[in-house]
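# Coordinate analysis (summary)
So the chains spell out like this:
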Amino acid sequence: MNHLATERPLSAPAYDVAGIRAQFPILERQVHGRPLIYFDNAATSQTPLTVIDSFRDYYSRYNANIHRGLHTLADEATAAYEATRETVRDFLNASDRREIVFTRGTTEAINLVANSWGRTNLKAGDEVLVSLLEHHSNIVPWQLLASQLGIVVKVIPVDERGVLDLDAYRALFTERTKLVAVNHVSNAFGTVNPVREMATIAHERGALILVDGAQALPHQAVDVRAIDADFYAFSGHKVYGPTGVGALYGRAELLEAMPPWQGGGEMIKSVSFDVPTTFADIPHKFEAGTPAIAEVIALGVALDWVRGVGIERIGAWEATLLQRATDAVSRIDGLRILGTAPNKAGVLSFVVDGAHSQDIALLIDQLGVAIRTGNHCAQPLLAHFGVTATCRASFAAYNTLEEVEAFAAALERVIGMVR
């Protein structure tokens, strides 16, 4: 068995990939006269019909603002919006729906923590630990605080496989370490990080932990209580939902102590020019203004769709796809895989000797295959491995073994053209 993924093959009756694909209309289209093979799921997954239909249902039946109106449409919209909060709570196994704050996605969720909890609790000389595997959205907010408050950002290193060095992680802690900010799954390499163990280490040393779950939620069950996360963030568009929406989980006692980040409607109890403004209870004090109502409702539909298929079954199928793809591309001369952790999600990043990643991506698109190329918002990680860009194929519930074989054949053909 290849060391890059745990092979958990499923029999055809156990996983009806054809039936799943039939629920995604975009997969019926052709690109450059060829059937679309969509392997850019780590950037944005496609959405099933149930999610698409939820937008039409909202805008044609009960489009209204939430929480503020007393009429029927406002009541229905509010109920649907808050039902998604309960869906997210259940999906993450949070203990209280008040611990779920809707955001525009993982990036906004991390910025919320940095600008509310961070500005309240961090001072010059305090330390935040981030890993070399991080997306820029879990690096830059802390760098901004470093430049503005004088905090220190320390980096958890990785080994040659793209696995975090836990011994080095332990050694980085001092009495000034206040927070660990780490992704659950690397978007660039697919490495699955041991966040439960990292949380234990952080808490033993008096620090909190924020987990970027954008790449974990589509592939595996997430239990924020089992992880013992203090904060956990994710994006809807990675998990078969719409863009522009996501959520932040935060422990209730932490959220209650944090000040609002943005001011406006809905996040207040009372506003006066004569006495201090008072703020709404959590989570509403963090949801200023009219939110993305249709998107939040659709997010709930997407999570229901995932539960209907079964996240464990999806993860097992994707592991099979990753195994097949890894075996196939490993046979191509001059191709080097970056990220060879023993525990990976459905991401395959590689470079090819003598070929530019952009050329490969552009040419393989002409054969109907969509992959991602570039630095994947992980410039420090790629620089550490001596590259500026990689090609990245990433898998989802609706991809097939036949697509993997077609991708490998197309890749070999394209490499022969550019070298």
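The shown structure was predicted, so the numbers you read here are calculated from the model rather than taken from an experiment.

## A few points about the overall build of the protein chain
The secondary structure content of the protein chain amounts to 14 helices and 17 strands. Radius of gyration (C-alpha) of the protein chain: 22 Å, near the 22 Å computed for a compact globule of 419 residues. The C-alpha extent of the protein chain, read off along each of the three principal axes, is 75 × 55 × 35 Å. By the burial criterion, 56% of the 419 residues in the protein chain qualify as buried. Within the protein chain, contacts between residues at least 6 apart in sequence are counted, and of these 73% link residues at least 24 apart.

## Thoughts on unusual backbone geometry
Residue Ile282 is joined to Pro283 through a cis peptide bond whose omega torsion reads 5°. Along the chain, Pro283 turns up in the loop between strand 12 (278–279) and helix 10 (293–309). Positive phi is not limited to glycine here, since Glu266 has a value of about 75°. Relative to the helices and strands, Glu266 resides in the loop between helix 9 (252–257) and strand 11 (268–270). The class of Glu266 is partly exposed, set by a relative accessible area of 22%.

## Digging into the sheet that holds strand 5 (residues 127–131)
What links the strands of a sheet is backbone hydrogen bonding, and the strands pair in either a parallel or an antiparallel sense. Here we have seven strands laid out as an open sheet, ordered 4-10-9-8-7-5-6, and mixed in their pairing. Of all strands in the sheet, those bounded by a partner on one side alone are strand 4 (100–103) and strand 6 (152–156). Along the sheet, successive strands turn relative to each other by an average axial angle of 20°, direction set aside. Sheet topology places strand 5 next to strand 7 (residues 177–183); four bridges connect them, and they run parallel.

## Brief notes about the side chain of His237
Here His237 shows up in the loop between strand 9 (231–235) and strand 10 (246–250). Judged by its relative accessible area of 17%, His237 is buried. Within the local environment of His237, its side chain forms a polar contact with the side chain of Thr44, the two groups lying 3.0 Å apart. Setting aside anything within four residues of it in sequence, one finds His237 in contact with Ala43, Thr44, Ser45, Pro242, Thr243 and Val245.

## Overview of the sheet that holds strand 17 (residues 390–394)
Read from one edge of the open sheet, four strands run 13-14-17-16, paired in antiparallel fashion. This sheet does not close on itself; its edge strands, each paired only once, are strand 13 (335–338) and strand 16 (372–374). The sheet shows a mean angle of 30° between the axes of neighbouring strands, direction not considered. Taken together, the four bridges between strand 14 (residues 347–352) and strand 17 define a ladder with antiparallel strand orientation. Across the sheet, the residue bridging to Val347 is Ser394, located in strand 17. Along the sheet, helix 12 (residues 357–365) makes contact with strand 14, strand 16 and strand 17, crossing strand 16 at roughly 160°. Where helix 14 (residues 401–418) meets the sheet, its contacts fall on strand 13, strand 14 and strand 17, and the angle it forms with strand 14 comes to roughly 15°.

## Some thoughts on the confidence of the model for the protein chain
Should the pLDDT be low somewhere, the predicted coordinates at that spot are not to be read in detail. Summarising the model, the protein chain shows a mean pLDDT of 95, and 97% of its residues fall at 70 or more. Within the protein chain, the lowest mean pLDDT, 90, falls on strand 11, and the highest, 99, falls on strand 8 (residues 208–212). In this model, residues 1–13 is a region of pLDDT below 50 whose contacts with residues beyond four sequence positions or in other chains number 32 contacts.

## Here's the deal with the pattern of salt bridges
Counted according to the given criterion, the structure contains 26 salt bridges. The partner of Glu287 in a salt bridge is Arg85, with the nearest N and O atoms 2.8 Å apart. Within this pair, whereas Glu287 is found in the loop between strand 12 and helix 10, its partner Arg85 is found in helix 3 (residues 72–92), the two being separated by 202 residues in sequence. Across the pair, exposure class does not vary: Glu287 and Arg85 are buried alike. Arg161 is the partner of Asp159 in a salt bridge, and the nearest nitrogen-oxygen pair spans 2.7 Å. By relative accessible area, which is 21% here, Asp159 ends up partly exposed. Through salt bridges that share partners, Glu86, Arg89, Asp90, Asp304 and Arg307 make up one connected network.

## A word on the side chain of Gln215
The topology assignment puts Gln215 in the loop between strand 8 and helix 8 (224–227). Excluding anything up to four places from it in sequence, Gln215 contacts Ala42, Val185, Ser186, Asn187 and Lys238.

## Digging into the state of the cysteines
With the rule as written, the count across this model stands at zero disulfides. Cys377 carries a free sulfur, and the closest cysteine sulfur to it, the one in Cys391, is 16 Å from it. Assessed through its relative accessible area of 33%, Cys377 is described here as partly exposed. Looking at Cys391, the relative accessible area reads 1%, which means it is buried.

Calculation criteria
Residues numbered from 1 in each chain as written. Predicted model: local features only at pLDDT ≥ 70, side-chain atom pairs only at ≥ 80, totals over all residues. Heavy atoms only, no water. Helix = DSSP H or I, 4+ residues; strand = E, 2+ residues; numbered from the N terminus. Rg over C-alpha atoms; globule rule 2.2 N^0.38 Å. Buried < 20%, exposed > 50% of the residue type's maximum accessible area, 1.4 Å probe, protein only. Contact = heavy atoms within 4.5 Å. Pairing = 2+ DSSP bridges. Axes fitted to C-alpha atoms, helices over the stretch in contact; angles between N-to-C directions. Polar contact = N/O pair within 3.5 Å; in protein donor to acceptor, adjacent residues only side chain to side chain. pLDDT = per-residue confidence, 0-100. Salt bridge = Lys/Arg side-chain N within 4 Å of Asp/Glu carboxyl O. Disulfide = S-S within 2.5 Å.

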